[in-house]
Amino acid sequence: MKVTNFISLLPTLFASYTCTVIQISDPHLRDKIAHLAGDQEYIRSAGAFLVFCADLHRAARIGSRENQTFVAGMTEHFIIATVDVSLFAQNCVTAAESMGLGTCYIGAVRNHPQEISDLLHLPEQVYPVFGLCIGYPDQNPDLKPRLPLSVVLKENSYDETRDEAEISQYDQQMAEYYRNRNASQKNSRWTQEIAALVGREARPHMRGFLERRGMNTR
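Criteria and cut-off values
- Residues numbered from 1 in each chain as written.
- Predicted model: local features only at pLDDT ≥ 70, side-chain atom pairs only at ≥ 80, totals over all residues.
- Heavy atoms only, no water.
- Helix = DSSP H or I, 4+ residues; strand = E, 2+ residues; numbered from the N terminus.
- Buried < 20%, exposed > 50% of the residue type's maximum accessible area, 1.4 Å probe, protein only.
- Contact = heavy atoms within 4.5 Å.
- Phe/Tyr/Trp six-rings, centres within 6.5 Å; stacked < 30°, edge-to-face > 60°.
- Lys NZ or Arg CZ within 6 Å of the ring centre and 35° of its normal.

## As for the environment of Val21
Among the structural elements, Val21 can be located in strand E1 (residues 19–23). Judged by relative accessible area, Val21 falls into the partly exposed class, the value being 23%. Separated by 54 residues in sequence, Val21 and Thr75 have C-alpha atoms that sit 22 Å apart. When near neighbours in sequence (up to four residues on either side) are disregarded, Val21 contacts Leu50, Val51, Phe52 and Phe88.

## Remarks on the packing of aromatic side chains
For the structure on display, the rule yields six aromatic pairs. An angle of 45° between the planes, with centres 5.9 Å apart, marks the rings of Phe52 and Phe130 as tilted. In this pair, Phe52 sits in strand E2 (residues 48–55) while Phe130 sits in strand E4 (residues 126–135), placing the two residues 78 residues apart along the sequence. What makes Phe52 buried here is its relative accessible area of 0%. Residues Tyr177 and Tyr178 carry aromatic rings whose centres are separated by 5.6 Å and whose planes lie at 50° to one another, so their mutual orientation is tilted. Across this residue pair, the class does not change: Tyr177 and Tyr178 are buried. Three or more aromatic residues joined by ring pairs make a cluster, and in this case those are Phe52, Phe88, Tyr105 and Phe130. Over the face of the ring belonging to Tyr158 we find Lys154, whose NZ or CZ atom lies 5.8 Å from the ring centre.

So this is what it looks like as structure tokens:
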């Protein structure tokens, strides 16, 4: 099965009015997006590269056609669009991997969201959430350990009683995984990386960008 044939399956993988996906087939456009997204070579070389966008523009146009004023800036609408496009992308990942394809999310499209929006001619009320590379992998990466189920699955209440011990054990597993994996070996702990991640500003430009897109929430 050719990777490009996978694209024909997209209509069967979603049922939402708040998603738009743009397939980037122009190699020059891919190169520009790759440069803006941290020069990730996967974007240039993948069999297919898709940009998943949260889209309220379509709903606004439908509202206008039906003589209904579009109420812009609602937090709930923003959540619906962002969640729906994420679910759509995950459906695509599941379907692709079931066919032996590999996938890689590219959250770095939000490094320069305005420039990428300009390249893709995105209208107001649309923003790029992430990219997705799809192709036949030329690597066989080690299976990464996951957090213990008891840490993420609770019953009836948010019970943290066992979390500390479980996370400490997971830290040891991850340290060993990082030391022994085939590529990019490093000396690190999972908790250390998470603390570093939430201990710094993360794309502070996104708030202003979303406001300029007409998604100033209230």
